[in-house]
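So the chains spell out like this:
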Amino acid sequence: MNLVSKHFKETERLVRAIDKNKIADWLLNEGYFPEQYVLPPTFKVNNFKLRKRTYNKDINDLVRRNLISISYPKSLLTSRVFGIQHPFNYHDIILYLYNDWDHVLDILFQKDLQIFSYSFPIPLNARKVGEMNDLRSGRMIYEWIEMAEKDIISEAYKYNFIVRADITNFYSSIYTHSIGWSLHGRENSFADKNNDLTGNKIDRLVQYANDGRTNGIPVGSALSDLIAEIVLTSVDVEVSRKLKDYNLIGCRFKDDYRILCNSEDDAKTILKILSDELLKYNLSVNEQKTQILSLPHGLYRQHDREYHSFSLKERKNIPFKTFELTLLKALDIHKLFPGTSILEKFLSEVYDDKMNLKVKFSNDSSSRKKQLLKLLSLLMLLKRESEKTICHVLALCEIIYNEYWSKSLKKEMISVIETEIEKANKKQSVFEIVWLIFFSRYLKLGIRNFNEKIDKQISDNQFVKSIISSSQKIFQDSGIILFRKPKECISTSLSKELSVFNRSQEE
């Protein structure tokens, strides 16, 4: 048995050992919102319970609801959009999965696979079988590293080629009817006109959480990741069946495939079969991100190779000049390889496990002050290059503020945040404004009159309204607590919330 299939079997063992009540509770409370870098920790579920009955009384007569969305730009023309669905629909999907959980697991962990998933979205705990880990992001990063940088590389010497394939706009392209197809078979789903089958019920609830649309599932929740796994497992089963006579090892992390094989002809056949099976589910291979490479090429991520010799991870003390130059190098690599996590990796390396800043400043108070202000400026310029890093940037700002607090630094921090709010308002970035206002409230900087600083179109956004008013404005009709005041978040630092990136790589 190879390492990839061993990992898959171990995942199955750990999943089946967890009581489904714990899984349902985790999905409701920890898996509802997107991962930590998307929304400030003030957006947090409190005591969302699994009921015995659904909130929606009639699956065939659902209220048409809308997602609440937040996004940041991926490029000049595209954005990464996260959608949060109404708690009633979210709950009912979990209840249907809960009631049919053994069948769901049988679908996810089928026999005779040639392609094995590394993206089961619930954080498992190998050290405490039957329990879950508390690090959602950390677990997924850990799984990615296990697949891409350990297991697949350890098996690569047996093969000559690697197929790397990615699905185009995966979450937004999932056809909701394919959920039923994946759980029950296409013909059984079509024959179920009354929506008695679990998959067809989920199909309906996903549709009506998103204004009745049959294309796309919301990005961000752990539940969406679980649904995506159900759909792609069906693809993996069919691809495996058609490739059963080929010598290969395949693995998948979410919509990213890595398949080892022995010839270029085999690689082309694999890609053709994968593409054909995806098409049956209204999905397609992203040609720009799909490659056939001769080993050892394609085993390691190029941006990691470029950055490795500059990494600050093992440094206990970082001279300020080294920090500056490494930041500039990380930005260079980011421009060469856009869309990677290289900037987040760099930012996570400048503080230690105890959330202390590793950057060392001048002993002279005047020079130190200038360096601190320079650091704040550089962080904001880095954020300009990649808006999604704002949570990491603000986590560092918090450390700087707490370690080097003074009345003058507070004044400068206020100036920085106010300037960034003004810039975010000009580009109509709800994503940044939510984080910046939260940060101001969280650190008690004393900035007021936010409604005067931002356009009405922005201030009317439900996330922004919640932050400004310090009260829940999202899905108020649900009665589910989805918000806490910024001052209630002070028990844990932002850097600690985001430290999963460092810890997961060390496991």
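Residues numbered from 1 in each chain as written. Predicted model: local features only at pLDDT ≥ 70, side-chain atom pairs only at ≥ 80, totals over all residues. Heavy atoms only, no water.

A. Structural context of the overall build of the protein. A tally of regular secondary structure across the protein gives 23 helices and 9 strands. Computed over the C-alpha atoms, the radius of gyration of the protein is 24 Å, within 12% of the 23 Å expected from 2.2 N^0.38 for a compact globule of 507 residues. Dimensions of the protein, computed from C-alpha atoms along their principal axes, come out at roughly 70 × 55 × 45 Å. Considering only contacts in the protein between residues 6 or more positions apart, those separated by 24 or more positions represent 76%. Accessible surface, the protein: about 22900 Å² in total, of which carbon and sulfur atoms supply 45%. Once the 76 positive and 66 negative side-chain charges of the protein are each reduced to a mean point, those two points are 6 Å apart. (Helix = DSSP H or I, 4+ residues; strand = E, 2+ residues; numbered from the N terminus. Rg over C-alpha atoms; globule rule 2.2 N^0.38 Å. Contact = heavy atoms within 4.5 Å. Areas by Shrake-Rupley, 256 points an atom, 1.4 Å probe, with all protein chains shown as cover. Lys, Arg positive; Asp, Glu negative; His and termini not counted. Charge placed at Lys NZ, Arg CZ, Asp CG, Glu CD.)

B. Quick peek at the packing of aromatic side chains. Inspection of the entire model under this criterion finds 24 aromatic pairs. Note on Y37 and F82: the rings are 6.2 Å apart at their centroids and 80° apart in plane angle, and the pair reads as edge-to-face. Of this pair, Y37 sits in the loop between α2 (20-29) and β1 (68-73) while F82 sits in strand β2 (residues 79-84), and the two are 45 residues apart along the sequence. For the pair Y175 and W181, a centre-to-centre distance of 5.6 Å together with 70° between the ring planes defines the contact as edge-to-face. (Phe/Tyr/Trp six-rings, centres within 6.5 Å; stacked < 30°, edge-to-face > 60°.)

C. Representation of empty space enclosed by the protein. Under the defined criterion, the tally for this structure stands at 3 cavities of 30 Å³ or more. The calculated volume of the largest cavity comes to roughly 70 Å³. Considering the residues around the largest cavity, the lining is formed by F8, T11, L108, F109, S117, S119, F120, E229 and T233. Those elements giving two or more residues to the lining of the largest cavity turn out to be α1 (3-16) and α10 (222-242). Its residues assigned to classes, the lining of the largest cavity shows 4 nonpolar, 4 polar and 1 charged. Size it by volume and the second largest cavity reaches roughly 50 Å³. K20, I23, A24, L27, I94, L97, Y98, W101 and L226 are the residues that line the second largest cavity. When contributions to the lining of the second largest cavity are tallied by element, the ones reaching two or more residues are α2 and α3 (87-99). Of all the elements, α2 adds the most residues to the lining of the second largest cavity, at 4 residues. Tallied by class, the residues present in the lining of the second largest cavity amount to 8 nonpolar, no polar and 1 charged. (1 Å grid on protein atoms, 1.4 Å probe; cavity = no way out; pocket = protein on both sides within 12 Å on 5 of 7 lines; lining within 4 Å. Points joined across faces, edges and corners; volume = space filled by probe spheres on them. Nonpolar A, V, L, I, M, F, W, Y, C, P; charged D, E, K, R; others polar.)

D. Here's a closer look at the pairing of strand β6 (residues 256-261). The buried fraction of β6 amounts to 6 of the 6 residues, a majority that puts the element mostly inside the structure. With 6 bridges connecting them, strand β4 (residues 161-166) and β6 associate as antiparallel partners. Along β6, the bridge assignment pairs F161 with C261. Here strand β5 (residues 249-253) runs beside β6; their pairing, made up of 5 bridges, is antiparallel. If you follow I249 over to β6, its bridge partner there is L260. (Buried < 20%, exposed > 50% of the residue type's maximum accessible area, 1.4 Å probe, protein only. Pairing = 2+ DSSP bridges.)

E. Up close: the nonpolar core. Formed by 169 residues in total, the largest nonpolar core has its most connected members in F323 and F346. In terms of residue count, the dominant contributor to this core is α10 (11 residues). With sequence-adjacent residues up to four places away left out, F346 is seen in contact with Y307, L312, F323, T326, L327, A330 and L382. (Core = buried A, V, L, I, M, F, W, Y, C linked by side-chain atoms within 4.5 Å.)

F. A look at the pattern of salt bridges. Counted by the stated rule, this structure contains 27 salt bridges. Between D211 and R213 there is a salt bridge, with the nearest N and O atoms lying 4.0 Å from each other. Judged by relative accessible area, R213 falls into the partly exposed class, the value being 44%. Residue K453 pairs with E418 through a salt bridge whose shortest N-O separation is 3.5 Å. You can see K453 sitting in helix α19 (residues 450-453) and its partner E418 sitting in helix α17 (residues 407-426), a full 35 residues away along the chain. Counted as one network, the salt bridges with shared partners bring together K383, E387, E420, K427 and E432. (Salt bridge = Lys/Arg side-chain N within 4 Å of Asp/Glu carboxyl O.)

G. Quick look at the environment of E155. By the element assignment, E155 lies in helix α5 (residues 136-155). Overall, E155 belongs to the buried group, its relative accessible area being 5%. Residues E155 and P87, spaced 68 residues apart in sequence, show a C-alpha to C-alpha distance of 43 Å. Filtering out sequence-adjacent residues up to four positions away, E155 remains in contact with N2, L3, I249 and L260. Only 2.5 Å separates the side chain of E155 from the side chain of K158, close enough to count as a polar contact. (Polar contact = N/O pair within 3.5 Å; in protein donor to acceptor, adjacent residues only side chain to side chain.)

H. Summary view of the confidence of the model for the protein. Confidence in the prediction for the protein averages 92 pLDDT; 96% of positions are at 70 or higher. Low pLDDT (under 50) marks residues 500-507, which in the prediction has 21 contacts with non-local residues, meaning those over four places away or in another chain. (pLDDT = per-residue confidence, 0-100.)

I. Quick look at the sheet that holds β4. Ordered in space as β3-β5-β6-β4-β7, the 5 strands form an open sheet in which the pairing is mixed. Only two strands of the sheet have a single partner each, and these edge strands are β3 (115-117) and β7 (291-294). Taking the axes of each pair of neighbouring strands and ignoring which way they run, one obtains an average angle of 20° across the sheet. In this structure, β3 lies alongside β5, joined through 3 bridges in parallel fashion. Bridge pairing in β5 places I115 opposite G250. (Axes fitted to C-alpha atoms, helices over the stretch in contact; angles between N-to-C directions.)

J. Seen up close, the packing of helix α7 (residues 177-184) against α10. With their axes 9 Å apart at the nearest point, α7 and α10 run at an angle of 60° to one another. Between α7 and α10, the interaxial angle falls into the category oblique. Helix-helix and strand crossings are classified by hand; for α7 and α10 the assignment is left-handed. Contacts from S178, I179, S182 and L183 in α7 reach I227, I230, V231 and S234 in α10. (Parallel < 35°, antiparallel > 145°, perpendicular 65-115°, else oblique. Left-handed = near helix turned anticlockwise from the far one by under 90°.)

K. Focus on the pairing of β1. Side chains of β1 alternate between two faces, with I68, I70 and Y72 buried and S69, S71 and P73 left unburied. In this sheet, β2 lies alongside β1 in antiparallel orientation, the contact comprising 6 bridges. Across the sheet, the residue bridging to S71 is V81, located in β2.

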